[in-house]
Structures are given as structure tokens and as C-alpha cells.
Amino acid sequence: MARVHNFCAGPAALPEAVLKQAQEDLLDFQGHGLSVMEMSHRSKEIVTIAEQAEQDLRDLMGIPDTYKVLFLQGGASSQFSMIPMNLLRGKTSADYINTGQWSKKAIKEAQRFCKVNVVASSEEQSFSTVPARSEWKLNSDAAYFHYTHNETIGGVEFDKIPKVDVPLVTDLSSTILSRPFDVSRFGLIYAGAQKNIGPAGITVVIVREDLMGAAATNSVPSMFDYKTHADSDSMYNTPPTFAWYLAGLVFKWLKAQGGVEAMAKINQRKADKLYGMIDGSGFYANPVEPIYRSWMNVPFTLGDASLDSEFLKQADSNGFLNLKGHRSVGGMRASIYNAVPESSVDALIGFMKDFEQNHG
Ligand SMILES: *Cc1c(COP(=O)(O)O)cnc(C)c1O
């Protein structure tokens, strides 16, 4: 059976080599006579897997020693509340910028805990851009500044890490490990695994140590206090051991590809090709201001929207899966994460050109 070209936004494609390794390990992990899923999280094997995964992620991202790396549950969505629960540290407001559907969700959740100052929004531009820095109305007394570096639904990616005077917090769910990020610029980074890290069910939080520890005074439940997890190596409760193991295999695979610098070159090439074809076609269009176009999520529309279902039908029968755009924006979206090979992007471009010839 042939594997399809999978452009799913999440849970997304995994590297074939990782799936094969997992298959090989499944019944009998390294001669132990049982699978990773069936081992105690306190066992030497699982602790080794967990520590190795953390070390490999630290190596890949160049995470300084002054940061804790947590492997949590509850998805990026739980972070929308854990962040204000932990980082307000006695302050009453936080700054957020609204650049899309995920920013909006983060803002809505934070409003349950504090006064949210929305410094700027691109909602009136249908989230096709990032508001100009000169328009941001920052509050110097904000506990932190939150932004969504890559908006998975709108396909909008910040062109650089913003400079602010308060701790910088970012949702990297759909762009972590796609290119280098200077971790030292951030107070906290979080990412659900199911886009660029591994399977759904595990969430990575990278947090500067000095920002932790203030949550307890707020009667925050232990499970929602970063310090609880930091103090117990993310094993305060039973972690999602199999997802952690698979994430570890992805980190090893990334190292073997040459790390995030090498991935950045490939990802830029993949994105440039696809946007180039869209812009050059006169049939397909992408609404995002070019400097903010995402390398990971490429939304596009057809010149004639009545052809959408025919496009998707033909794509499906040719092995191009999950190209339907998010229900809130319509059209199409190709998610071309690290694990989507360049050859899949080339094949998609070929298919799109053929479709244009036959229907354009
Ligand atoms: C997918 C996604 C989320 C939500 O992740 P869950 O794990 O489903 O909570 C949040 N932010 C961004 C940018 C995403 O892409």
C-alpha cells in the first residue's frame, strides 16, 4: 500500500522513518519483551527515553540552561489558561496581539484571569497581515506579551521575533522546529505536538526558570502550576509516554536531517515553490501579505469557488489528502510541515497546474 501525500493541518504527517522505527519497536522495545506503551513511566527505559528526548530538543533549539523544558498534556489550548495562571505574578493585565483564530482563542481565555490589552489586531484585514509595529499600543506594566508566531488557520507568520520590554510569550505550535528560533528572546514558548513534533497528546512548554513559582499564591491547582511539573521532570502524574517516545524519534530524525538550519532551507524552498506557482497562475490566489506568508500553512483559493469540491475530489483520488481549508476561511490549505517531503510539494504543484489547465 502506497502512502498518500498528507497536507493535514494537524494531527499532521509524521516522517516515514519514524513510523517504521515505531513499528519495529512496537511489540518488543529493544529486547525488553514489551512495548513502550506497557512500561511504567518510572522505569529506567521510559526515564531514559524522556531524558534523551529533552536533550535532543535542547540541542536542536539551543535551549539555554536557565530554561525548563516541560512535556505536558491538555494541548496548546490548556496553555491559553496556564499562561495567565502562572505568569501574572501579582500583576493584573497582559498584552496580546490579535493576528488570527488562535490569538483570539488565547485572548478569550486570558480574559478569564486578567485584563487583556489587545495591542493591535488585523481582524479588519481578515487576518491577512500582521499589524505594523508602530501601531501597537503596548502597556509597560503588562505581566507579559503574548503572540501567535504562526497562525495555522490564516497562514500568517511573523517575519521576526517582536522586541518588547516585558516577558515574551509565544504559541509556536505550528512552526516550532521549522527554522531556528533564539529561545533566549522568550520568557515562554509553547507548542502542541501534533503539527511539527509528533502525535497529538503531548505539549512542549519551554519556560524561563525565574518566571515560575508565582502560581501557588494564586490557589492554582497543582496540575496547572508549571513548577509542579518542573520539579518532577514532567512526571508528577502519568505522562503520555508513547507520544513522548514518538516525539523523541522525531527529534532524532531532525538531527539526522541536519537540524533546524537544514530544515529551514528545505522549508523555505518548499514554501517559495508553492507560493510562486500560486502567484504565477492567475487561477489560484493567496490573500496574505507576502512578508507574512507562513512557511508551514499555505491557504489558497481557486478563481472559481464553485470548483472547490471538484478540486478536492480530484485531489483525493490522486492521493493528495486534507487540502480543505479551515471551516472559518474556506478555500484550500496545504500544510507543509517538516515531515511533508519536498517531493509531495512538487507533486501537489504538478496536480494544481493540471487542474488549472483543465478548469482554468
Ligand atoms: C493547533 C493549534 C492550537 C491548538 O492545539 P490543541 O493541541 O488542539 O489545543 C493552538 N495554537 C496553534 C497555533 C495551533 O496551530
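Relevant structure appears above.
Residues numbered from 1 in each chain as written. Predicted model: local features only at pLDDT ≥ 70, side-chain atom pairs only at ≥ 80, totals over all residues. Heavy atoms only, no water.

A. Seen up close, the site of the ligand. Neighbouring the ligand are 13 residues; S77, T152, D171, Q194 and K195 lie closest to it. Here an oxygen atom of the ligand and a side-chain polar atom of S77 are 2.6 Å apart. T152 has a polar side-chain atom sitting 2.4 Å from an oxygen atom of the ligand. Starting from 390 Å² of accessible surface for the ligand in isolation, the protein chains cover 86%. With four residues, helix 3 (residues 75–87) is the single largest residue contributor to the shell around the ligand. For the shell around the ligand, a count of residues per class yields three nonpolar, eight polar and two charged. (Near = heavy atom within 4 Å. Polar contact = N/O pair within 3.5 Å; in protein donor to acceptor, adjacent residues only side chain to side chain. Areas by Shrake-Rupley, 256 points an atom, 1.4 Å probe, with all protein chains shown as cover. Helix = DSSP H or I, 4+ residues; strand = E, 2+ residues; numbered from the N terminus. Nonpolar A, V, L, I, M, F, W, Y, C, P; charged D, E, K, R; others polar.)

B. Expanded view of the packing of aromatic side chains. Counted according to the given criterion, the structure contains 19 aromatic pairs. On the basis of an interplanar angle of 45 degrees and a centroid distance of 6.4 Å, the ring pair of F80 and W102 is categorised as tilted. Here F80 is found in helix 3, whereas its partner W102 is found in helix 4 (residues 101–110), with 22 residues between them in sequence. Look at F80 and you get buried, because its relative accessible area is 5%. Above the ring of W295, the side-chain terminus of R179 is found at 3.6 Å from the ring centroid. (Phe/Tyr/Trp six-rings, centres within 6.5 Å; stacked < 30°, edge-to-face > 60°. Buried < 20%, exposed > 50% of the residue type's maximum accessible area, 1.4 Å probe, protein only. Lys NZ or Arg CZ within 6 Å of the ring centre and 35° of its normal.)

C. View of the layout of surface pockets. Its boundaries defined by the atoms lining it, the largest pocket holds a volume of some 410 Å³. At the level of secondary structure, the elements contributing two or more residues to the lining of the largest pocket comprise strand 1 (5–6), helix 1 (16–25), helix 7 (259–281) and helix 9 (342–359). At three residues, the largest contribution of residues to the lining of the largest pocket is made by helix 7. When the residues that make up the lining of the largest pocket are grouped by side-chain class, the tally is 12 nonpolar, five polar and four charged. Looking at which domains feed residues into the lining of the largest pocket, each of domain 1 (16–256) and domain 2 (258–359) gives three or more. Within this model, the second largest pocket holds a volume of roughly 310 Å³. The wall of the second largest pocket is formed by 16 residues, among which F29, Q30, I49, Y245 and K252 lie closest to the centre. Considering every element that reaches the lining of the second largest pocket, the biggest residue donor is helix 2 (residues 44–61), with seven residues. Broken down by class, the residue content of the lining of the second largest pocket amounts to five nonpolar, six polar and five charged. (1 Å grid on protein atoms, 1.4 Å probe; cavity = no way out; pocket = protein on both sides within 12 Å on 5 of 7 lines; lining within 4 Å. Points joined across faces, edges and corners; volume = space filled by probe spheres on them. Domains from an automatic or database assignment.)

D. Expanded view of the environment of G90. Within the secondary structure, G90 sits in the loop between helix 3 and strand 3 (93–98). Distance from G90 to G248, taken between C-alpha atoms, is 36 Å for residues 158 residues apart in sequence.

E. Examining the packing of helix 2 against helix 6 (residues 241–256) more closely. Put simply, helix 2 and helix 6 touch, their axes get as near as 9 Å, and they point 40 degrees apart. Compared by their axis directions, helix 2 and helix 6 come out oblique. The hand of the helix 2/helix 6 crossing is left-handed. Of the residues in helix 6, those in contact with I46, I49, A50, Q52, A53, D56, L57, D59 and L60 of helix 2 are T241, W244, Y245, G248, F251, K252, L254 and K255. Residue composition of the contact of helix 2 with helix 6, by class: 10 nonpolar, three polar and four charged. (Axes fitted to C-alpha atoms, helices over the stretch in contact; angles between N-to-C directions. Parallel < 35°, antiparallel > 145°, perpendicular 65-115°, else oblique. Left-handed = near helix turned anticlockwise from the far one by under 90°. Contact = heavy atoms within 4.5 Å.)

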